[in-house]
Amino acid sequence: MRLNADCKNLAVLTFASAKVAANKTSVLIIKSRYLLTAIATIIFAGLGTLHSPVLQAAGLQSSVIASALWSADSGNFKRQNYQFTLEPEFILRFDNRAKLTALSRLRSISLDALSPENVTDNAYSPYSKPLFIGNSSEFELREFYLEIPSENYYFTLGKQQVVWGKADGLKVLDIVNPQSYREFILEDFDDSRIPQWLANIETNIGAWDAQFLWIPDQSYHVLASEGGLYTPTSPLLLPQAPPAGVSVDVEPIERPERLLKDSDIGLRLSRFWKGWDLSLNYLYQYDNFALLYQERSLTAVGPHVTIEPQYRRTHVLGGSFSNAFDNWVLRGELAYFTDRYFLAEGLSDNDGIAKGKEVSYVVGLDWAGLENTLISGQLFQSVALNRQSATVRDKSESTLSLLVNHTLLNETLELRLIWLANSNIGDGLVRLRVSYEWQDNLKTWLSSDTFYGSEEGLFGQFDANDRLTLGIEIGFE
Amino acid sequence: MKSILRRSALLSICTTICAAPLFAQSSENTSEAALPRAEDVVAHINSRDEGEAVSRKLSIEMRDKRGKTRHRETRSYRKYYAGEKRTVIFYLSPKNIKDTAFLTYDYNDPEQEDSQWLYLPALRKVRRISASDRGDYFLGTDMTYEDIKLETRVSSADFNFQTIGTCDADDKPGLQIQGTPKSQEIARELGYSKTLSCVDNEIWMVRHSQFWDIKGNLLKTVTISNIEQIQGIWSQQNIDVENHKTGHSTRLIFSEIDYQSPVPEDIFTTNAIKRGL
């Protein structure tokens, strides 16, 4: 399962992040200016390919979504958090069908343990990092991209999200953009996905739709840092604490910074063939989780461990399929990683990391046989291959998911259950949600998120964080 | 999720509702011998010119029994190909469902199941959906997926029709046709045990229909109005559906109907519904 595989090693990053040197930041900022200039150049070069006067705006659309959340501990109803979010969006349309979209987010959170700033902020590239306002608020340019249709190509240039996968709840192929785990996986993916500055070019090659991605923006997964409500503690994700008497030092993380050489590259071919939706995917990317290499030494004062967080590249080859049969939809995704790095067990590996490969896949079955109801089951499995030494994770990890969605009252009332269950450790997460649409653009909901199982598990580690949430969302146009 | 699915379908509705079931207004039965055969009436309805392609704006007003109303604005495109009909619907407002889009390939071969996709902006994913739940209601409206798919056609594959008299609808004389599902299974799938429609036999459009549920209770009344020739093609601009069971009603308003402007081929693709309008 992708989540398990990805999360490995993360937590410690938490400690490393705090140590990113200030002078390094300033260097990154300077470099980021070059990158922004490069991206701006690409955008305007794209505009230059258009024929008519480029900036003849045909219309501007604007809208705002305001939402507020109140959450409490499910056990004692003690307040967990207040959160308020404003998301203004502007769309500027040009006469030649080009379109410029800008979406930002202002978010304010009452709880320090969920504070926007309380994350591994070194995971953001300097040009994608939100602006933190005090300890409780953040402002982020979520998306800013220009779409340029032409005869044979469709350009989307700028800061954006690219979604490949179709699985619910967990990810297999949806790995182009990194993700924020500030609230583990409880946040909607649309909110937790970290948009990146990239060039997205689509065209047709025969019967296939082709998509090419160039991603110079090096942002990575963001984790809750130490003291956060969802800071990972599972040994599947975090190296074990060293024995007493062993000192530990964490080096600043080395971020890939070369504009071209460190870019991620993606290619996707897709088509509709005899009833099947098919895709072939390739991604050459830095793994979005930092690897926590250890250097063990014996000093005058005793044993010492230096942790050196690094990002490493991998090739990803994958594909997906889906088709409908009567009331059923069968779908699946597969991803093969040529270079994976797992947490080594004990001292079996000198640097604490065991290199290997990984195959990750999901098979899902959706059933729509009952009126206004969708029932969907999925099997996620991750298999570690060719490991150089013993690893903390099992060779094969499996997670099952169940989704039940039912609507009532002409779809104004919606009931939803999502159940994720890991079969290796026996832990899981149960999510219930009831939402009601009072009128156009006014919706409220009540939800519960309940973790269970061993604290060593990916889900069980948050067993003490079960929560109830009451939310309201209002849209303005 | 499925709800969203349904929603989308809605839109395509374009003309719909009229199609399948019809029913009677007031009727003054005349001798059956003087009436045209139902097979001929159905053939006329199904061969009526709908244009090779059309683009139009569709506004949807939904009202519950307490008078609370909801509005949807969409833009839809439909095009006939040699072996299929393709329809795509884009939701333009309100904000909470804006950018939702629905795409369907309706194949001529009745044995071949339709292909359908739904783009969910909240998930940013194009999702393949099953086309077999045709009796479900879409987008919170009072129309089923099958109503939407048929547009202005009538399903002779699912119903046995009988001409039972004459009728008046919208001050136009017409023929009254009764439809009965060909099997219990079809009745269950569609949710109808009987339909009664008043067909304007000047232009071969259904103007008024009634539907009974599988228990035999009156379920819905559909009224089609504001029918005009647009670019030489008879087009309905208003469809009102009243659900007698729930007290909920739906009004569809078609505007900016255009049969002549070219509809781009690549708009009927999953990439197009992902990008939106």
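None of these values were measured; they are calculated from a predicted model. (Residues numbered from 1 in each chain as written. Chains lettered and ligands numbered in written order. Predicted model: local features only at pLDDT ≥ 70, side-chain atom pairs only at ≥ 80, totals over all residues. Heavy atoms only, no water.)

K.L.:
Outline the interface of chain B and chain A, listing residues and values.
P.N.:
Chain B puts 46 residues into the contact, and the matching count from chain A is 56 residues. Roughly 4,000 Å² is buried in total at the junction of chain B and chain A, and carbon and sulfur atoms are behind 40% of that figure. Considering only the surface of chain B that becomes buried against chain A, Lys95(B), Arg124(B) and Arg128(B) emerge as the three largest contributors, covering 20% of it. Our enumeration of links across chain B and chain A arrives at 10 salt bridges. (Contact = heavy atoms within 4.5 Å. Buried area = accessible area lost by both parts, 1.4 Å probe. Salt bridge = Lys/Arg side-chain N within 4 Å of Asp/Glu carboxyl O.)

K.L.:
Describe the packing of aromatic side chains, listing the residues and the values that go with them.
P.N.:
All names here are of chain A. Counted according to the given criterion, the structure contains 22 aromatic pairs over all chains. With centroids separated by 5.7 Å and ring planes inclined at 65 degrees, the aromatic side chains of Trp276 and Phe325 adopt a geometry described as edge-to-face. With Trp276 in strand E13 (residues 276-286) and Phe325 in strand E16 (residues 313-325), this residue pair connects regions lying 49 residues apart in the sequence. Residue classification places Trp276 among the partly exposed positions, given a relative accessible area of 25%. In this structure Phe325 comes out as partly exposed when scored by relative accessible area, which is 40%. (Phe/Tyr/Trp six-rings, centres within 6.5 Å; stacked < 30°, edge-to-face > 60°. Helix = DSSP H or I, 4+ residues; strand = E, 2+ residues; numbered from the N terminus. Buried < 20%, exposed > 50% of the residue type's maximum accessible area, 1.4 Å probe, protein only.)

K.L.:
Explain the nonpolar core residue by residue, including any values.
P.N.:
General note: in soluble globular proteins, nonpolar side chains tend to be found buried as a group. Ranked by internal contacts, the top residues of the largest apolar core, which has 49 residues, are Val41(B), Phe161(B), Val199(B), Ile239(B) and Leu252(B). When residues in this core are grouped by element, the largest group, 5 residues, is from strand E12 (residues 218-230) of chain B. The next biggest cluster of nonpolar side chains, apart from the first, holds 35 residues, and it includes Ala167(A), Tyr181(A), Leu223(A) and Phe462(A). (Core = buried A, V, L, I, M, F, W, Y, C linked by side-chain atoms within 4.5 Å.)

K.L.:
Give me the lowdown on the pattern of salt bridges, citing residues and values where you can.
P.N.:
Between side chains of opposite charge, a pair can form as their charged atoms come close. Residues and elements named next belong to chain A. Throughout the structure, instances matching the rule amount to 44 salt bridges over all chains. The partner of Arg107 in a salt bridge is Glu138, and the shortest N-O contact between them spans 2.8 Å. With Arg107 in strand E3 (residues 99-109) and Glu138 in strand E5 (residues 137-149), the pair connects residues that are 31 residues apart, well separated along the chain. Relative accessible area serves as the criterion here: at 2%, Glu138 is assigned to the buried category. Each of the salt bridges in this network shares a partner with another, and the network as a whole consists of Arg105, Arg107, Glu138, Glu140, Arg142, Glu187 and Asp191.

K.L.:
How would you summarise the side chain of Asp114(B) if you had to cite specific residues and measurements?
P.N.:
Structurally, Asp114(B) can be placed in the loop between strand E5 (101-107) and strand E6 (115-120). If we skip the residues at most four places from it in the chain, Asp114(B) touches Thr104(B), Tyr105(B), Asp106(B), Tyr107(B), Ala131(B), Tyr145(B) and Lys149(B).

K.L.:
Tell me what's going on with the environment of Lys194(B), and back it up with residues and numbers.
P.N.:
All names here are of chain B. As for its position among the elements, Lys194 is in strand E10 (residues 194-200). Using a relative accessible area of 27% as the deciding quantity, one classes Lys194 as partly exposed. The sequence separation of Lys194 and Leu219 amounts to 25 residues, and the corresponding C-alpha distance is 9.9 Å. Non-local contacts of Lys194, meaning those with residues more than four positions away in its chain, are made with Gln178, Gly179, Pro181, Gln210, Phe211 and Trp212.

K.L.:
Account for the sheet that holds strand E11 (residues 247-250) of chain A, with residues named and values stated.
P.N.:
Strand pairing in a sheet takes place through backbone hydrogen bonds and is either antiparallel or parallel in direction. Residue and element names in this part refer to chain A. Strand order in the open sheet formed by 3 strands is E11-E15-E14, and the pairing between neighbours is mixed. Both edges of this open sheet fall to E11 and strand E14 (291-299), since each of them pairs with a single strand only. Neighbour-to-neighbour, the strand axes of this sheet turn through a mean angle of 20 degrees, independent of strand direction. In this structure, E11 lies alongside strand E15 (residues 302-310), joined through 4 bridges in parallel fashion. What sits directly across from Ser247, in E15, is His304. (Pairing = 2+ DSSP bridges. Axes fitted to C-alpha atoms, helices over the stretch in contact; angles between N-to-C directions.)

K.L.:
Describe the state of the cysteines, naming the residues involved and giving the relevant values.
P.N.:
All names here are of chain B. Considering all chains together, one arrives at 1 disulfide over all chains under this definition. Sulfur-sulfur distance for the disulfide between Cys167 and Cys198 comes to 2.1 Å. Judged by the torsion about the S-S bond (95 degrees), the Cys167/Cys198 disulfide is right-handed. One end of the pair, Cys167, is in strand E8 (residues 159-169); the other, Cys198, is in strand E10, and 31 residues separate them in sequence. An identical accessibility class is assigned to Cys167 and Cys198; each is buried. (Disulfide = S-S within 2.5 Å.)

K.L.:
A description of the confidence of the model for chain A should follow, citing residues and the corresponding values.
P.N.:
All names here are of chain A. Across chain A, the average pLDDT comes to 86, with 87% of residues at 70 or higher. Low pLDDT, under 50, characterises residues 1-34; the stretch is placed with 103 contacts to residues that sit more than four places away or in other chains. Counted against residues more than four places away or in other chains, residues 48-54, with its pLDDT under 50, gives 9 contacts. (pLDDT = per-residue confidence, 0-100.)

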